[in-house]
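Topology and contacts: notes
Take a look at the letters that make up each chain.
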Amino acid sequence: LDAAAAARCLLAQWHADASAAGRHRACALLRAQWAPFATEAQLGLSRACDAPLLSLDGVRRAARALGASGNSGALTRCSAFALDATLRCVADSQPAFRSRALKALSTIVEADPQLLSRPAVLAAVESRLTDPAISVREAAVDLVGRSLLASSDLALAQRGYRLVATRLRDVGISVRKRVVRTLRDLASARLASAAAARAAALDSVGEAEGEQNAKDGQHSVLASDGNGTVAVAVTGPKGGTGAAVGPRPDSLVLEICASLASVLGALTDEESLRSLLLGALDALFFPQANGSPGGKESVAAEKPSPHRGATAAAGEAAEGDGDELAWREAVERVAAVAERVPPESWLPALLGVGGGVGGPPPASGGDRDGMSARAAATASAAAAAVGTRAAKLATALVDVFLEASAEFHAGEKSAEDASSLEGRARLCALASTMKALASARPDSVASRVSSLARQLGPDQPPAVLHAMCSVVTSALPLMRKPAPSLVRALETQLGALVFTQGAAQLPAAVEALCAVAHSEPTGGTGAEAAGGGALLCDVFDRFLTFLNGQMRQAMAGAVTKAGQQPQLPLLDDQAAVGVMRAVFGIGLLCRYHEFDSPVAPAPVPPNDAQAAAAAAAVAALHPAPTSVPRGKANDQALRALFWWAKHPKQEVSLHALRALGFLWVRRPAYLVPCSQLVQLALSDDVCPRIRVQALRNFAELLVADETSALRRERASQLSSESAACVGGAVTAAAAANNANALNASSPDDGGVSSGVLQQYLPRVCELALDDSTAVQAGAVAVLAGA
């Protein structure tokens, strides 16, 4: 910088200040000092060659002097003029010029992030976030992101987050990518800041306390508890712990994660954007697995002390505690986001299912031959890493869930209503997360089914029961030989749920009970191995006997008038509830279990004890309901459900019609004898709710048909892979998929459902134009599946 030019700027500023203050003698003195510079300027001379150049420190002091007079300083007036001119250029008619003006404004705001809080600047940026040009919107997002990263103000960060988050669903892919990167960097910066604060809190622990802990054989671990509260946990040699709770961090990171997860669940159009979202969520949820700030090294670090670490075992224990605490904190982040966004829409992709973070599974057979050795090794390593991550997440998730369940029920018993709702919401979020994890990675949860079996009690919230039943259904088939005690406990608890829970939890309970019945206990033989099937037959008999009894009672009380159909008496409320549970339960049982076993007992000659014993053994291995002839269970269920579907009480009729849909999934051919009932349910003479239920049955039938085909294909693929890899031994995953494929549908359903539904398509097309929006949605769902 030219010292002469700096001197002229300072003299001009001082003269203006003295003139405004009325100090005339000072003005005269400053004019005298200005005269040499004015003469040189008139003569075209320059003192640059004679004047010394200012150092960097001198430039800083001159700048501070020029701007020291508040809003009247020379530099302040120049910057205000430059800011106003830039804001005017932001509204230019040319998109390219608007984009360049935003980039110039970005450099100004980055130097002073508080400028973004000015109304004029904020209004200009907000207007450009909705600019018709993609490049301008991208530049506006970049401007906000730079200002957020340059500031540590939480209020400014929250305001900027709300501005940027509005463009997460922008039509421009480049804008969405810029938003994802901005939010990722903002959340990572806040995680790093929180990690630094925790490290500082850890360093502030007194040396005397460290020495005392070392004498007692204790070590301190800094971590976060279940609610994100900073805590220093002191672990003794016998496992006892104590904690000192610190301040809570802000919830901005959770809001960012929830926003990204909601976009990931609805994203189907851009693979590069999907990969960017998955990478961002992976870095924010699991920093301990990526080496990011806030990971195991910073979130759960040992307290530095020269007296600690007397033995290697103490160091290994501290390291293990740090890893466990880091994963527990990851569980809390995932569960907190699960309260806002259903985890089924984003957690499977995050765990590598369907080409997520870990990518698709390694190729096999001919596909593997076409891959290079390095690519195959990379894919296998990525898949192994994702599997390890899922296992660690599952271990921490189950532990946190069991603790949260115990705390919730202890709080209910002590009548602590203040935290009851919060505890229930957290428990339900953990349960839904575990359900999504078990659905995506059942092998990671299979080893903990015995711990979760005790969580199926009737005192659990309905959402938790539904999630636990789904976990059992997904994970139990991977346990090739579950313990008989576990199977009996699950049968007892799930059997009780079938007769006590409402319609919302009944499908999951029945499906889990069927999964338990299809498992083979360790050392089970004969009747013991088929005990689950016998239990299902007993439940089926109880439901069918009750329905037949109510049917006979209704027919006995029917009033017949000349030329009219018999009018059935109305059911009282208690009987109606029992009938609805029975028809719903029997339909679900037929949906998930094949009662009509293909193995029939051979005819036994008279006085042949050996043949009778063989027939009894066959019957024990393949139990059947005793209330109906063997091999006729589905026919009897169809007859009972068909009768109750025509009952005048609408709720009973709706439940029976839905139960018929379950039975059609098992036997699509049953649609043929039910054709008149289906036509009546689709007609305009019935309530719209009946039409909606009939359409939902069609849609569910199509989905089940496609799912069964995919399960058979997947089971065949896994079986072939296991045969090629381990010399013909079928893996647990292959056996479980094969069992699911066989139990989910009947072998005679190939193409039957699609063929039968063809005759109803014209009527479904008409219902797509129905006055009821619910009927329209149901018809569109059927047409989309067909």
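Anyway, here's the lowdown on the structure attached to this text. (Residues numbered from 1 in each chain as written. Predicted model: local features only at pLDDT ≥ 70, side-chain atom pairs only at ≥ 80, totals over all residues. Heavy atoms only, no water.)

**A short note on the nonpolar core**
- Ranked by internal contacts, the top residues of the largest apolar core, which has 179 residues, are Leu260, Trp346, Met468, Trp644 and Phe698.
- The element contributing the most residues to this core is helix α26 (residues 573-592), with 12 residues.
- Once residues lying within four places of it in the same chain are set aside, the contact partners of tryptophan 644 are Leu547, Gln550, Met551, Leu571, Val579, Val583, Val652, Ser653 and Ala656. (Core = buried A, V, L, I, M, F, W, Y, C linked by side-chain atoms within 4.5 Å. Buried < 20%, exposed > 50% of the residue type's maximum accessible area, 1.4 Å probe, protein only. Helix = DSSP H or I, 4+ residues; strand = E, 2+ residues; numbered from the N terminus. Contact = heavy atoms within 4.5 Å.)

**Things to note about the packing of helix α5 (residues 95-111) against helix α7 (residues 134-149)**
- Close contact between α5 and α7 brings their axes to 9 Å; oriented N to C, the two are set at 0°. On the basis of their axis angle, the class for α5 and α7 is roughly parallel. Residues Pro95, Arg98, Ser99, Leu102, Leu105, Ser106, Val109 and Glu110 of α5 touch α7, and the partners they reach there are Ser135, Val136, Ala139, Ala140, Asp142, Leu143, Arg146 and Ser147.
- Looking at the contact of α5 with α7 residue by residue, the class counts come to 8 nonpolar, 4 polar and 4 charged. (Axes fitted to C-alpha atoms, helices over the stretch in contact; angles between N-to-C directions. Parallel < 35°, antiparallel > 145°, perpendicular 65-115°, else oblique. Nonpolar A, V, L, I, M, F, W, Y, C, P; charged D, E, K, R; others polar.)

**Observations regarding the pattern of salt bridges**
- Applying the stated criterion to the full structure yields 20 salt bridges.
- Aspartate 170 serves as the salt-bridge partner of arginine 167, at 2.5 Å between the closest nitrogen and oxygen. The pair arginine 167 / aspartate 170 is uniform in exposure class, with both members buried.
- Arginine 691 serves as the salt-bridge partner of aspartate 770, at 3.6 Å between the closest nitrogen and oxygen. Of this pair, aspartate 770 sits in the loop between α34 (761-767) and α35 (773-785) while arginine 691 is found in helix α31 (residues 688-725), placing the two residues 79 residues apart along the sequence. There is no split in this pair, since aspartate 770 and arginine 691 are both buried. (Salt bridge = Lys/Arg side-chain N within 4 Å of Asp/Glu carboxyl O.)

**Concerning the state of the cysteines**
- If you walk through the whole model with that rule in mind, you get 0 disulfides.
- The cysteine cysteine 514 is free of any disulfide, with cysteine 590 supplying the nearest cysteine sulfur at 9.5 Å. (Disulfide = S-S within 2.5 Å.)

**Some words on the packing of aromatic side chains**
- Under the definition given, this model contains 8 aromatic pairs.
- Arranged with centres 5.2 Å apart and planes meeting at 40°, the rings of phenylalanine 499 and phenylalanine 543 form a pair that is tilted. One end of the pair, phenylalanine 499, is in helix α23 (residues 484-500); the other, phenylalanine 543, is in helix α25 (residues 531-556), with 44 residues separating them in the sequence.
- When its relative accessible area of 26% is taken as the criterion, phenylalanine 499 is described as partly exposed.
- Look at phenylalanine 543 and you get buried, because its relative accessible area is 4%.
- With centroids separated by 4.7 Å and ring planes inclined at 85°, the aromatic side chains of tryptophan 643 and tryptophan 644 adopt a geometry described as edge-to-face. For the pair tryptophan 643 and tryptophan 644, a shared accessibility class is recorded, and that class is buried.
- These aromatic residues form a ring-pair network of at least three members: Phe285, Phe286, Trp327 and Trp346.
- We note arginine 542 situated over the ring of phenylalanine 499; from NZ or CZ to the ring centre the distance is 4.1 Å. (Phe/Tyr/Trp six-rings, centres within 6.5 Å; stacked < 30°, edge-to-face > 60°. Lys NZ or Arg CZ within 6 Å of the ring centre and 35° of its normal.)

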